[in-house]
Amino acid sequence: MTLTPTRRQLLIGTAATLALPAYLRRAQAQTAIKVAGVHASPVENAWNSRIHSAMQAAAADGLITYDFSEGVAATDYARAMREYAEGGAQLVWGESYAVEDEARAVAADYPDTAFLMGSSGGPSGDNFGVFGTRNHEAAYLAGMLAGKMSKTGTFGSVGGYPIPEVNLLINAYRMGVKEVNPDAKFLNGFIGAWFDPAKAKEAAVAQIDGGADILFGERIGTADGAQERGVKAIGSLIDYTPRYPGTVFANAIWNYRPTVEAIVADIAAGKPVGRDYTEYSFMKYGGNELIFVAEEVPADAVPAMEEKKAAIAAGTFEVPIDANEPA
């Protein structure tokens, strides 16, 4: 039997569609979601580069269209968000760490636009989603390798700011070291910037002078100090090994594509995006991974690390999240 919709049914369906936020109506009318990125740092900054490359790849695959601004100062950030929202972006991506109140105010003014922000706070309303950086599982595994490699027993790390996303990463690295080297000692420095390679190098050299012979580089520039002084380093977010051969032996990689796919799927399905998307950075979704140079790592360090990695993947071990500022 063929069912023919009545005029009333059609009107109800149209009314329901019109009641949806504009970004959901547009998602139903087209395949590619229109995304605008507001980057506070240059897109070559490690953290931003992972998001930028994921967005570019999603655009190349036809999942989204992608426009962006980079190096946007905190004083201009809200204005940039508003301009993209008024320009028809269905999803405005950003990093609200320095502008939490301003970013949330913009989202409240544009309920028909979806927002996804790197944030230390929670989601807000139906259209303000958040995410956190979670390559801490890979950092833990890298620490397990590093713990078997140090000759001095002192391990360094260089971070940007002591915010939870940075703290938990450095602490996870330290936990991994401690699992195989309980007597390890640690040094840490925050440079007060997201992108200042010269400062990161300076902090790295200071830690090497203090006895550290393996450094975790949460910020770009750490490996420059390690390379100059002839010690080993671990990269974070991206693969630094090609740039620092013989110095960077492991990298805690962050993969942002699973997060992009998750929020785009929600928009396409007509679901609210006011939720926390941090989980998509976890290893079980492919959101982070450890890569390392096997010939530069002691053979006896690998089995325990691989066993722990399998436990993380199986869900039988969770890397603890410690967001306290490391000393």
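Notes on the structure follow. Here the structure is a predicted model, which is why all the values come from computation and not from measurement. (Residues numbered from 1 in each chain as written. Predicted model: local features only at pLDDT ≥ 70, side-chain atom pairs only at ≥ 80, totals over all residues. Heavy atoms only, no water.)

## Examining the overall build of the chain
Put simply, the rule is: Only DSSP runs of H or I covering at least 4 residues are called helices, and only runs of E covering at least 2 are called strands; the numbering of each starts at the N terminus. As defined in this context, the radius of gyration uses C-alpha atoms, and a globule is described by 2.2 Å times the residue total to the power 0.38. Here's how the labels work: a residue is buried when its accessible area is under 20% of the maximum for its type, exposed when over 50%, partly exposed in between, all with a 1.4 Å probe on protein chains only. The contact rule is simple, with two residues in contact once any of their heavy atoms fall within 4.5 Å. Surface accessibility follows the Shrake-Rupley procedure with a 1.4 Å probe radius. Residue values consider only the protein chains on display as shielding. A residue counts as positive if it is Lys or Arg and as negative if it is Asp or Glu; His and the chain ends are not included. In plain terms, the charge of a residue is placed at NZ if it is Lys, CZ if Arg, CG if Asp and CD if Glu.
Across its full length, the chain holds eleven helices and eleven strands. Rg of the C-alpha trace for the chain: 22 Å, near the compact-globule value of 20 Å for 327 residues, within the 12% margin. A buried classification covers 52% of the 327 residues belonging to the chain. In the chain, of all internal contacts separated by at least 6 residues, the share reaching a separation of at least 24 is 68%. When the accessible area of the chain is evaluated, it comes to approximately 14,000 Å², of which 53% is carbon and sulfur surface. Across the chain, the mean location of the 27 positive side-chain charges is 4 Å away from that of the 39 negative side-chain charges.

## Observations concerning unusual backbone geometry
Glycine aside, the phi torsion of most residues is negative, and most peptide linkages are trans. The backbone of leucine 237 sits at a positive phi, close to 80°, despite the residue not being glycine. Structurally, leucine 237 is set in strand β9 (residues 232-237). Classification of leucine 237 as buried rests on a relative accessible area of 3%.

## Considerations on the pattern of salt bridges
Cut-off, in case you're wondering: Any carboxyl oxygen of Asp or Glu that lies within 4 Å of a side-chain nitrogen of Lys or Arg is treated as forming a salt bridge with it.
Summed over the entire model, instances satisfying the criterion amount to 13 salt bridges. For glutamate 228, the salt bridge is made with lysine 201, and the minimal N-O distance between the two is 2.8 Å. With glutamate 228 in helix α9 (residues 222-229) and lysine 201 in helix α8 (residues 197-209), this residue pair connects regions lying 27 residues apart in the sequence. Looking at glutamate 228, the relative accessible area reads 49%, which means it is partly exposed. For lysine 201, a relative accessible area of 27% translates into the label partly exposed. Salt bridges sharing common partners tie together Asp61, Arg257 and Glu261.

## Structural notes on the packing of α8 against α9
Keep this limit in mind: Every axis in this analysis is a line fitted to C-alpha atoms, fitted for helices over the stretch in contact. Angles between the N-to-C directions lie between 0 and 180 degrees. Oblique is the label for every angle not falling under 35 degrees (roughly parallel), over 145 degrees (roughly antiparallel), or within 65 to 115 degrees (roughly perpendicular). Put simply, a crossing is left-handed when the front helix is turned counterclockwise from the back one by less than a right angle, and right-handed when it is turned clockwise.
Packing of α8 against α9 brings their axes to within 6 Å, and their N-to-C directions diverge by 45°. Between α8 and α9, the angle falls in the class oblique. In terms of crossing hand, the pair formed by α8 and α9 is right-handed. Between α8 and α9, the contacting residues are Ala200, Lys201, Ala204, Val205, Ile208 and Asp209 on the first element and Thr222, Asp224, Gly225, Ala226, Glu228 and Arg229 on the second.

## Description of the environment of glutamate 44
By the secondary structure assignment, glutamate 44 is in the loop between β1 (33-38) and α3 (46-60). Note on glutamate 44: relative accessible area 49%, which makes it partly exposed. Excluding residues that lie within four positions of it along the chain, glutamate 44 makes contacts with Ser49, Glu70, Phe195 and Ile220.

## Some thoughts on the sheet that holds strand β5 (residues 128-131)
We apply this condition: Note: two strands are recorded as paired if DSSP finds a minimum of 2 bridges between them.
Read across the sheet, five strands follow the order β2-β1-β3-β4-β5 without closing on themselves; strand pairing throughout is parallel. Of all the strands in the sheet, the pair left with one neighbour each is β2 (64-69) and β5. Recorded for the sheet is a direction-independent mean angle of 20° between the axes of neighbouring strands. Bridge analysis of strand β4 (residues 114-118) against β5 gives four bridges, and the strand direction is parallel. Across the sheet, the residue bridging to methionine 117 is valine 130, located in β5. Relative to the sheet, α3 contacts β1, β2, β3 (91-95) and β5, its axis offset from that of β2 by approximately 145°. Running at roughly 160° to β4, helix α10 (residues 257-268) makes contact with β1, β2, β3 and β4 of the sheet.

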